[in-house]
Amino acid sequence: MTGFSDLGEFAAAPRVTALRLSPDGGWLALAVQAPGGTPARYLTSIWRLGTGEGAAPVRLTRSAEGEGSPEFLPDGSIAFASKRPDGTADRGTDKAAASGDAKPALWVLPAAGGEARRIAAPGGGIAGLATARQATVIACSAPVLPGTKDAEADAALRKARADAGVAAILHETGRLRHWDHDLGPEELRLLAVEVPPESGQPQDGAEALAEPRDLTPEPGRALDEMSFALTPDGSAVVTGWVIPLPAGEERSEIAVIDVGSGERRTLLAGPSVSFGDPQVSPDGELVVAVRGTHETYDEPGDATLVVVPLAGGEPRDLLPGFDRHPGGPVWAPDSRSVYFSADDHGRRPAFRVDVASGEVTRLTADHGAYEFLSPSPDGAFLYALRSAVDEAPAPVRIDLGAGPADPVRLASPGASFEVPGRLEEVRTTAADGTAIRGWLVLPAGAAADQPAPLVLWVHGGPVSSWNAWSWRWNPWLLAARGYAVLLPDPALSTGYGQQMIRRGHSEWGGAPFTDVMAITDAVVSRPDIDAARTAMMGGSYGGYMANWIAGHTDRFQAIVSHAGLWALDQMFGTTDGPAFWRRIFGDFATRPERYLAYSPHLHVDAISTPILIIHGDKDYRVPVGEALRMWWDLTSRSKPVKFLYFPDENHWILKPGDARVWYETVLAFLGEHLHGEPWQRPELLS
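Residues numbered from 1 in each chain as written. Predicted model: local features only at pLDDT ≥ 70, side-chain atom pairs only at ≥ 80, totals over all residues. Heavy atoms only, no water.

Visitor: Could you clarify how one ought to interpret the overall build of the protein in this entry?
Guide: Each helix and strand in the protein was counted, giving 12 helices and 38 strands. Its C-alpha atoms give the protein a radius of gyration of 25 Å, near enough to 26 Å, the size a compact globule of 686 residues would have. Taken along its principal axes, the extent of the C-alpha atoms in the protein is 75 × 65 × 50 Å. For the protein, with 686 residues in total, the buried portion stands at 55%. Here the protein has roughly 28000 Å² of accessible surface; of this, 51% comes from carbon and sulfur atoms. In the protein, 60 positive and 87 negative side-chain charges are present, and the distance between their average locations comes to 2 Å. (Helix = DSSP H or I, 4+ residues; strand = E, 2+ residues; numbered from the N terminus. Rg over C-alpha atoms; globule rule 2.2 N^0.38 Å. Buried < 20%, exposed > 50% of the residue type's maximum accessible area, 1.4 Å probe, protein only. Areas by Shrake-Rupley, 256 points an atom, 1.4 Å probe, with all protein chains shown as cover. Lys, Arg positive; Asp, Glu negative; His and termini not counted. Charge placed at Lys NZ, Arg CZ, Asp CG, Glu CD.)

Right, dumping it as structure tokens:
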């Protein structure tokens, strides 16, 4: 049991990040992250957990570089990607591994146990992989330099660029960056790998590596951030495929690529829609995918699941009238139904939809959030990774014959926590009559005779919801220090129907702002909350709301703005996906109304609340220029402000040491303004 009093201990807590069920249903492969190396970074290992009663987790992999993306092969062996050095090589002469330049290779861990073997090592590494249900074929996405026809040409061009000291990228179309990384000079290609049979010890120290087959020789940027799946027999890959459009727009289709010939055909496509996350039915007949309609100036985007024959035909909406955003679809073993999850009133339940009738059944009744749904081969159980606002992610089993019920919690190699307080659901009514709800985290001991100071914490997205455990935005670290934390779902939040999103569409400082103020008013009226000591914080869109609130009310004693949007015309032109925001807000040059109405920087003179700005330099979603300009706008007007800057972090703060410093700084800032404590710089920042 891990506590919240020690920030270092919290940052070091092992965390389960993914789950896969073996083909026979006998055990789960869990991906577990924990700090490793010097300086510490989060590394992933693979664990085994039997599905029988009383099973205990057992660690399967141990390497200094970690292992990721575990996927089962038909015989129960596990394919994964890792930068671990080749076991047949002399580690002292492995210059790539020693320099930190090693690329992830494709490995297979035998079903019976023993040492993993490396089966393919493309020069640019492995970015993702998928396996087939009935064949020893693995599909991999791999970065390859454009214009190269084979591995030798790719290696030669890599060497020529390195020898010349060239890191430049020439763009001619499409996006330049995504979240925290540049797009290019490499392009993602799909490779097919036939797993070679085990043949004993390598001869003369040489490996029996498979020769990957390039299925997409000239993809351009078509495979960026796209997921893919193999048909059960391994004969085809079904993948997302990005189509560039005029004026910087794009959409994504679903394509089918023949593994033998590389021939590609389009399966799902349409104007002003994008398709993703394709999954092939176990009988090989159907494909299910998420279909998302594009946002417009007048309407927010929407999402549903569609199903289409693999051979081609008209897609059918699986969820007509289901007013939620579904995600993570997986097929039932009999190919008759699809499991998925969707946000719903501060939860993310698991659902099942019957393919023939469209009947939707809710499978979970608790307040948990479910992902990585994995049905057992006999159809009796559904395994999943479950978390909640008050419970860290852990594997669970759901009895599919019992109706909506609480899940059975399985033994977990991840950390578990006893939260320092209690979780309550709170509600109020907005001015337009809309019901607004949220979670209230209360510290132990909060009562009328000992009211707790309140921190309003607005979620990012903005189309999102507070419904799951968060390592990066964890309210219990504040509760352990005596703060109550309000986690509201205002306009733009998912889980309340399309109308809730529509209420805040393009009017970010409108209904979302008045909603959070209304629910804050309701909470501070409670006797166990100290209305005289309140603060506000948020990240991404929550950071936008922090900046907006700062210029529109002085009711809070302190505001923390992480990765917040400040000048909308600047941000929407420098972010990694400007076309997305242009659909909603319009072109500033010809349609500036929404920018002028809802850009926080235009209200800088009204700000009087002390603000802590936090930003990572490698944040390409909300570029660091937002923080730099906000810092100057505030300091040039002698406003009370501090700036916590991370030169090598992105939209999130991912390194254990940096995460600890993040919380230390935030807690010191809140302590200064809500508890009257002297300002104390974190030791590592002094």
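Visitor: Hey, could you run me through the sheet that holds strand β16 (residues 236-244) in this one?
Guide: Paired through their backbone hydrogen bonds, the strands of a sheet run either parallel or antiparallel. Pairing within the open sheet is antiparallel, and its 4 strands lie in the order β15-β16-β17-β18. Both edges of this open sheet fall to β15 (228-230) and β18 (264-268), since each of them pairs with a single strand only. Sheet twist, expressed as the mean angle between neighbouring strand axes with direction ignored, is 35°. Bridge count for β15 against β16 is 3 bridges, and the pairing is antiparallel. Bridged to Phe 228 within β16 is Thr 239. (Pairing = 2+ DSSP bridges. Axes fitted to C-alpha atoms, helices over the stretch in contact; angles between N-to-C directions.)

Visitor: Would you explain the sheet that holds strand β13 (residues 187-194) in this entry?
Guide: Spatially, β9-β10-β13-β14 is the arrangement adopted by the 4 strands of the open sheet, whose pairing is antiparallel. Strands at the two margins of the open sheet, each flanked by one partner only, are β9 (128-131) and β14 (213-214). In terms of strand pairing, strand β10 (residues 137-144) meets β13 through 8 bridges, oriented antiparallel. Across the sheet, Pro 143 pairs through a bridge with Leu 188, a residue of β13.

Visitor: Would you take a moment to explain the environment of Glu 198 for this structure?
Guide: For Glu 198, the location among the structural elements is in the loop between β13 and β14. Classification of Glu 198 as exposed rests on a relative accessible area of 58%. Sequence separation between Glu 198 and Gly 543 is 345 residues, and the spatial gap between their C-alpha atoms is 53 Å. Sequence-distant contacts of Glu 198, that is, excluding residues within four places in its chain, are made with Pro 110 and Arg 117. (Contact = heavy atoms within 4.5 Å.)

Visitor: Help me understand helix α6 (residues 511-524) in this model?
Guide: Because an α-helix completes one turn every 3.6 residues, residues spaced three or four positions apart along the sequence face the same direction. Its 14 residues give α6 an end-to-end C-alpha distance of 20 Å, which sits within 8% of 20 Å, the value for a rise of 1.5 Å per residue. α6 sits mainly inside the fold: 11 of its 14 residues count as buried. Considered for burial, the residues of α6 that qualify are Ala 511, Pro 512, Phe 513, Asp 515, Val 516, Met 517, Ala 518, Ile 519, Thr 520, Val 523 and Val 524. (Expected span 1.5 Å × (residues − 1).)

Visitor: How should the confidence of the model for the protein be read in this particular structure?
Guide: A low pLDDT means the predicted coordinates there should not be read in detail. Summing up the model confidence of the protein, the mean pLDDT is 95 and the portion of residues at 70 or higher is 97%. Counting contacts from residues 89-94, a segment whose pLDDT is below 50, to residues more than four positions away or on other chains yields 3 contacts. Throughout residues 200-205 the model reports pLDDT below 50, and contacts reaching past four residues in sequence, or to other chains, amount to 3 contacts. (pLDDT = per-residue confidence, 0-100.)

Visitor: Got a minute to help me understand the pattern of salt bridges in this structure?
Guide: Any two side chains of opposite charge can pair, on the condition that their charged atoms come close. Enumeration over the complete set of coordinates arrives at 42 salt bridges. Linking Arg 422 and Glu 424 is a salt bridge whose minimum nitrogen-to-oxygen distance equals 3.1 Å. A salt bridge links Arg 526 to Glu 424, with the nearest nitrogen and oxygen atoms 3.1 Å apart. One end of the pair, Arg 526, is in the loop between α6 and β35 (529-539); the other, Glu 424, is in strand β31 (residues 421-429), and 102 residues separate them in sequence. Accessibility expressed as a relative area gives 23% for Glu 424, which makes it partly exposed. A cluster of three or more residues bridged by salt bridges with shared partners is formed by Arg 347, Glu 425, Arg 427, Arg 437 and Asp 489. (Salt bridge = Lys/Arg side-chain N within 4 Å of Asp/Glu carboxyl O.)

Visitor: Would you explain a nonpolar patch on the surface in this entry?
Guide: Nonpolar side chains collect at one region of the surface, where Phe 588, Leu 596 and Leu 602 lie side by side and expose about 260 Å² of accessible area between them. Under the relative-accessibility criterion, Leu 602 is labelled partly exposed at 43%. (Patch = residues over 30% accessible without salt bridge, like charges linked within 9 Å, V, L, I, M, F, W, Y side chains within 5 Å.)

Visitor: Sorry, what's going on with the side chain of Asn 650 here?
Guide: The residue Asn 650 is located in the loop between β38 (641-646) and α12 (656-674) in this model. One polar contact links Asn 650 to Asp 180, side chain to side chain, over a distance of 2.8 Å. A distance of 2.8 Å separates a polar side-chain atom of Asn 650 from the backbone nitrogen of Trp 652. Each residue touching Asn 650, except ones within four places of it in the same chain, is listed here: Asp 180, Gly 616, Lys 618 and Asp 619. (Polar contact = N/O pair within 3.5 Å; in protein donor to acceptor, adjacent residues only side chain to side chain.)

Visitor: Where do I start with the pairing of strand β23 (residues 326-331) in this structure?
Guide: Residues in a regular strand project their side chains so that they alternate between the two faces of the sheet. For β23 and strand β24 (residues 337-342), the ladder comprises 4 bridges, and the chain directions are antiparallel. Paired with Pro 326 across the bridge in β24 is Ala 342. Adjacent in sequence and paired antiparallel, β23 and β24 are bridged by 5 residues, among which Ser 335 carries a positive phi angle near 65°.

Visitor: Even after reading the chapter, I still don't get the nonpolar core, so can you show me in this structure?
Guide: In summary, soluble globular proteins display a tendency toward joint burial of nonpolar side chains. Among the nonpolar cores identified, the biggest contains 54 residues, and Leu 456, Trp 508, Met 536, Ile 549 and Phe 572 are the most heavily contacted of them. No other element matches the 7 residues that helix α7 (residues 541-550) contributes to this core. Ignoring sequence-local partners within four residues, the contact set of Leu 456 consists of Leu 486, Pro 488, Val 516, Met 517, Thr 520, Ala 535, Met 536, Met 537, Ile 549 and Phe 556. With 40 residues, the next largest nonpolar core counts Ala 13, Trp 457, Tyr 483 and Phe 646 among its residues. (Core = buried A, V, L, I, M, F, W, Y, C linked by side-chain atoms within 4.5 Å.)

Visitor: I'm lost on the pairing of strand β2 (residues 27-36) in this one. Help?
Guide: For β2, the buried fraction is high: 7 of the 10 residues fall into the buried class. Sheet topology note: the strand β1 (residues 15-21)/β2 ladder contains 6 bridges and is antiparallel. Paired with Val 16 across the strands is Val 32, a residue of β2. The loop that links β1 with its antiparallel partner β2 comprises 5 residues; one of these, Gly 25, has a positive phi angle of about 75°. Alignment of β2 against strand β3 (residues 41-50), held across 10 bridges, turns out to be antiparallel. Bridge pairing links Leu 30 to Trp 47 in β3.

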